[in-house]
Amino acid sequence: MSIDWDRVADDLDAFGCAVLPSLLDAEQCAAYAAGYGDDAQFRSRVVMERHGFGRGEYRYYAYPLPPGLADLRTALYPPLARIANRWQAALGLEERYPDAHAGYLARCHAAGQLRPTPLLLQYGPGDYNCLHQDLYGDFVFPLQVAVLLSRPGVDFSGGEFVLTEQRPRMQSRVEAVPLGQGDAVVFPVHTRPVNGTRGIYRVNMRHGVSRVRSGQRHTLGIIFHDAS
């Protein structure tokens, strides 16, 4: 994959998110979305309304992940780990992330976080995802990726990806991220560093999806830590 990781790092520093254009092609997007009904691929299904998470549903993939998804997760991790380690240093935190994803998963699994977290989300008219953070245990990799599989304005309307940034002693900032089919957004799972007038400080991040007004919207979520 051809990604300008310097630009990604700059956008994450400046805005708290970065878009990866055309990470997947239309055929790959359609294949992932069509697989939503294949029970053999998944370990669990969550209906969001039952838990107060919003409306819509999602399914967590089972191990072994589909080969393309496993390869994508493995390939995206190293450049994101470099950004994450720079953030750790900026915040004065000691933990550093291994260069390879296998090394980080070994850390998760040794701590009892054994369940895979990549997921496929499905929204229909009126569905939405409340602002949240994807924390599944003590080990949390600080960046994650969401790929829009559907075509805005064709397959669905509404359903914008949104981020909020809760800044100390200030009002929250909102970022809406326009995406096309196959585009991905990289964003913080929990917190990120911000360079303020008095130096580096930490802000709290949450993400969600606004109300889908028509049609059906599918998203692929790639989380790099496993769940306890």
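The sections below set out a description of the structure shown in this document.

Quick notes on the rules
- Residues numbered from 1 in each chain as written.
- Predicted model: local features only at pLDDT ≥ 70, side-chain atom pairs only at ≥ 80, totals over all residues.
- Heavy atoms only, no water.
- Helix = DSSP H or I, 4+ residues; strand = E, 2+ residues; numbered from the N terminus.
- Expected span 1.5 Å × (residues − 1).
- Bend = angle between axes of the 7 residues up to and from the residue.
- Core = buried A, V, L, I, M, F, W, Y, C linked by side-chain atoms within 4.5 Å.
- Buried < 20%, exposed > 50% of the residue type's maximum accessible area, 1.4 Å probe, protein only.
- Contact = heavy atoms within 4.5 Å.
- Pairing = 2+ DSSP bridges.
- Axes fitted to C-alpha atoms, helices over the stretch in contact; angles between N-to-C directions.
- Salt bridge = Lys/Arg side-chain N within 4 Å of Asp/Glu carboxyl O.
- Parallel < 35°, antiparallel > 145°, perpendicular 65-115°, else oblique.
- Left-handed = near helix turned anticlockwise from the far one by under 90°.
- Nonpolar A, V, L, I, M, F, W, Y, C, P; charged D, E, K, R; others polar.

Attention now moves to helix H4 (residues 67–90). Between the first and last C-alpha of H4 there are 35 Å, a value that for 24 residues agrees with the 34 Å anticipated at 1.5 Å per step. At Tyr77, H4 shows its largest kink, close to 35°, and the proline Pro78 lies no more than four residues downstream. Just beyond H4, the residue with positive phi is Gly92, at close to 70°.

By size, the foremost hydrophobic cluster in this structure holds 39 residues, and its most contacted members are Leu76, Leu80, Phe141, Val145, Leu149 and Leu220. Residues contacting Leu149, with those up to four places away along its chain left out, are Leu24, Cys29, Tyr32, Ala33, Leu120, Gln181, His218, Thr219 and Leu220. Membership of the second largest hydrophobic core comes to 25 residues, among which are Tyr136, Phe161, Leu179 and Ala227.

Further remarks concern unusual backbone geometry. Here the bond from Tyr63 into Pro64 is cis, since omega is -5°, no more than 30 degrees from zero. Of note, Pro64 is situated in the loop between strand E4 (57–61) and H4. Although it is not a glycine, Ser22 sits at a positive phi angle of roughly 50°. Mapped onto the elements of the fold, Ser22 is located in the loop between strand E1 (18–20) and helix H2 (26–34).

Side chains on a regular strand alternate between the two faces of the sheet. Pairing of strand E9 (residues 161–166) with strand E10 (residues 173–177) involves five bridges; the strand directions are antiparallel. Along E10, the bridge assignment pairs Thr164 with Val174. If you look at the hairpin formed by E9 and E10, you'll find six residues sitting between the two strands, and Arg169 has a positive phi there, around 60°.

The antiparallel open sheet is built from seven strands, whose spatial order is E1-E11-E7-E15-E5-E4-E2. One side of each edge strand has no neighbouring strand; the edge strands of this open sheet are E1 and strand E2 (42–47). With direction set aside, neighbouring strand axes in the sheet form an average angle of 25°. Lying over the sheet, H4 contacts E1, E4, strand E7 (143–148), strand E11 (184–188) and strand E15 (217–222), oriented at roughly 135° with respect to E7.

Tallied over the entire structure, the rule returns eleven salt bridges. As a salt-bridge pair, Arg59 and Asp39 come within 2.9 Å of each other at their nearest N and O atoms. Of the two residues, Arg59 sits in strand E4 while Asp39 sits in the loop between H2 and E2, which places them 20 residues apart along the sequence. Arg59 sits in the buried class, given a relative accessible area of 11%. Judged by its relative accessible area of 54%, Asp39 falls in the exposed class. Note that Arg173 and Glu165 form a salt bridge whose closest N and O atoms lie 3.3 Å from each other. Glu165 sits in the buried class, given a relative accessible area of 4%. A single network of salt bridges, built from pairs that share partners, joins Glu165, Arg173, Glu175 and Arg192.

Further remarks concern the environment of Val47. Tracing the chain through its elements places Val47 in strand E2. When its relative accessible area of 18% is taken as the criterion, Val47 is described as buried. Taking the C-alpha atoms as reference, Val47 lies 4.4 Å from Glu57; in sequence the two are ten residues apart. Sequence-distant contacts of Val47, defined by excluding residues within four places in its chain, comprise Gly56 and Glu57.

Before going further, it helps to spend a moment on the pairing of strand E12 (residues 191–196). Looking at chain direction, E12 and strand E13 (residues 199–209) are connected through six bridges and run antiparallel. Bridge pairing links Val194 to Tyr201 in E13. What sits between E12 and E13 in their antiparallel hairpin is a turn of two residues.

This brings us to the packing of helix H1 (residues 5–15) against H4. Direction vectors running N to C along H1 and H4 enclose 40°, while the axes themselves pass 11 Å from each other. Relative to H4, the element H1 is oriented oblique. As H1 packs across H4, the resulting crossing turns out to be right-handed. On H4, the residues that touch Trp5, Val8, Ala9, Leu12 and Asp13 of H1 are Leu76, Pro79, Leu80, Ile83, Arg86 and Trp87. Looking at the contact of H1 with H4, its residues break down into nine nonpolar, no polar and two charged.

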